[in-house]
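So you can see what is in the structure, the chains are spelled out below.
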Amino acid sequence: MAANLTPQYLEAEAEYKKAQTPEEKLACLKTMFQLVPKHKASEKLQAELKTKMADLRDEIEQEKKHPKKVGVSYKFPKQGAGQYLIVGAPNAGKSRLLTRLTRAAPEVAPYPFTTREPHAGMMDWQDVKVQLIDTPPITPDYLESYVSSLVRAADAAILMLDLGDDDGPFAAETVVERLAQVKTHLVGAKPAKQDDHSIQYVKTLLVANKIDLEGAQDRLDIVREMFAAPLAPGGRGVGGEGGLRNFPIHVISAEHGTGLEDLRNALYEFLKVIRVYTKHPGKPPDLTSPFTCPIGSTVIEMAELVHRDFVENLKSARIWGTGVHDGQAVGREHVLHDKDVVELHV
């Protein structure tokens with residue numbers, strides 16, 4: 001039996017997912033508990049809400065007794081098809097890139113350390129959006145403590161490199177090394193096997209900026225030697241860390257717009273996700289706000305994104321799209337394709 005949660009409950013649940021402090025989360029949970037239908041099918045959900053509220057009350061009480069001494073921290077809930085963290089050395093053009101690809105308006109200036117705190121913006125790509133977050137610069141002596149946490153939590157990273165400066169390639173290498181010191185490894189592709197699970201591998205695009213400046217092409221040759229080493233026989237990179245630093249390289253001028261549309265496409269494709277649309281029985285599909293899920297996702301995995309109740313209660317689904325007849329009934333393990341339309345039945 002389905003819990004038949006109301007739109008008001010789902011709205012409160014969405015607010016709960018956005019909440020950042022224990023107090024905010026507790027307030028949302030109280031609202032959710034008031035709104036959840038009280039019947040047998042929702043008993044498990046009611047119990048879960050009570051447990052979460054009790055845990056948060058304990059956490060708040062402990063915080064009052066033993067306040068934590070912490071530095072500045074930031075949290076950015078993921079939005080859109082995926083989240084990128086933009087990292088780089090001073091003056092690499094991180095903030096300019098954010099202003100070019102999104103509507104965000106961080107301070108942009110031709111002097112180092114203009115960015116003192118992270119800024120987020122949403123990049124449009126066809127009918128979806130991708131979240132980009134600019135961060136303070138990284139040097140051998142300067143790494144904001146929260147930056148590595150943000151990078152580790154992201155879906156991917158953008159490593160900005162300054163082609164207008166002879167030191168640009170080496171400054172970018174310093175960024176990679178500095179993050180590696182805190183077990184946050186920027187890589188072109190994640191390793192197939194991981195022995196040390198304290199290390200977080202974050203797949204990364206290298207964006208070589210300022211190609212319009214004098215000497216940039218010569219510096220780009222150096223960048224390709226350092227970060228795009230050719231693959232040895234058998235597909236293993238000959239560069240550092242077994243070829244993990246063989247980053248995909250995209251060459252742009254953020255100031256003049258060169259290469260930005262190609263980069264926009266690459267940022268979406270690098271996430272390796274598909275768009276799936278939903279429809280209600282007897283109604284046209286909603287083609288304005290697709291769900292995005294990893295390539296290879298199944299019907300039940302996509303349904304969980306719509307609402308967790310579908311995991312237990314999904315009875316059937318109909319598909320319009322690739323490799324099926326229009327409206328064909330499929331099972332829970334049917335693999336979805338980009339732009340499929342799904343009608344879920346509980």
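Just above, that's the structure.
Analysis parameters
- Residues numbered from 1 in each chain as written.
- Predicted model: local features only at pLDDT ≥ 70, side-chain atom pairs only at ≥ 80, totals over all residues.
- Heavy atoms only, no water.
- Axes fitted to C-alpha atoms, helices over the stretch in contact; angles between N-to-C directions.
- Helix = DSSP H or I, 4+ residues; strand = E, 2+ residues; numbered from the N terminus.
- Parallel < 35°, antiparallel > 145°, perpendicular 65-115°, else oblique.
- Contact = heavy atoms within 4.5 Å.
- Nonpolar A, V, L, I, M, F, W, Y, C, P; charged D, E, K, R; others polar.
- Salt bridge = Lys/Arg side-chain N within 4 Å of Asp/Glu carboxyl O.
- Buried < 20%, exposed > 50% of the residue type's maximum accessible area, 1.4 Å probe, protein only.
- Pairing = 2+ DSSP bridges.
- Core = buried A, V, L, I, M, F, W, Y, C linked by side-chain atoms within 4.5 Å.

Engineer: Now, about the packing of helix α4 (residues 94-101) against helix α8 (residues 260-270): what can you tell me, with residues and values included?
Structural biologist: Between two packed helices, the angle of one axis relative to the other and the distance separating the axes together describe the packing. Close contact between α4 and α8 brings their axes to 11 Å; oriented N to C, the two are set at 85°. With respect to their mutual orientation, α4 and α8 come out roughly perpendicular. In contact with Leu97, Arg100 and Leu101 of α4, α8 contributes Leu260, Leu263, Arg264 and Leu267. For the contact of α4 with α8, a count of residues per class yields five nonpolar, no polar and two charged.

Engineer: Outline the pattern of salt bridges, listing residues and values.
Structural biologist: By the definition in use, this model includes 12 salt bridges. For Lys94, the salt bridge identified is with Asp134, shortest N-O distance 3.2 Å. Here Lys94 is found in helix α4, whereas its partner Asp134 is found in strand β3 (residues 128-134), with 40 residues between them in sequence. The pair formed by Lys94 and Asp134 is uniform in burial state, with each residue classed as buried. Among the salt bridges present, the one from Glu343 reaches Arg318, with a minimum N-O distance of 3.5 Å. Residue Glu343 is found in strand β12 (residues 340-345), and its partner Arg318 is found in strand β10 (residues 316-320); the two are separated by 25 residues along the sequence. By relative accessible area, which is 33% here, Arg318 ends up partly exposed.

Engineer: Can you lay out the sheet that holds strand β8 (residues 273-278) for me, pointing to particular residues and giving the numbers?
Structural biologist: What the five strands build is an open sheet, ordered β9-β8-β12-β10-β11; its pairing is mixed. Either end of the sheet is taken by a strand with one partner, and the two such strands are β9 (286-294) and β11 (328-330). This sheet shows a mean twist of 40° between the axes of neighbouring strands, independent of strand direction. Bridge count for β10 against β11 is three bridges, and the pairing is antiparallel. Residue pairing across strands places Ile319 opposite Gln328, the latter belonging to β11. Helix-sheet contacts for helix α9 (residues 299-306) involve β8, β9, β10, β11 and β12, and the interaxial angle to β9 is about 120°.

Engineer: Can you break down the nonpolar core residue by residue, with the values?
Structural biologist: Judged by nonpolar contacts, the single largest core of 28 residues is most densely connected at Leu159, Leu186 and Leu206. Only β1 (83-88), α5 (145-153), β4 (156-162), α6 (168-181), β6 (200-209) and α7 (216-227) provide two or more residues apiece to this core. Discounting chain neighbours no more than four positions away, the residues touching Leu206 are Leu159, Leu161, Val223, Phe227, Phe247, Pro248, Ile249 and His250. Formed by 27 residues, the second largest nonpolar core is a distinct cluster that contains Ala81, Ala104, Leu260 and Val273.

Engineer: Break down the pairing of β10 for me, with residues and values.
Structural biologist: Successive side chains on a regular strand alternate, one facing one side of the sheet and the next facing the other. Burial along β10 is one-sided: Ala317 and Ile319 are buried, and none of Ser316, Arg318 and Trp320, which face the opposite way, are. Judged from the five bridges that link them, β10 and β12 form a sheet pairing that is antiparallel. When the sheet's bridge partners are listed, Ser316 is paired in β12 with His345.

Shape descriptors only; they carry no functional weight alone.
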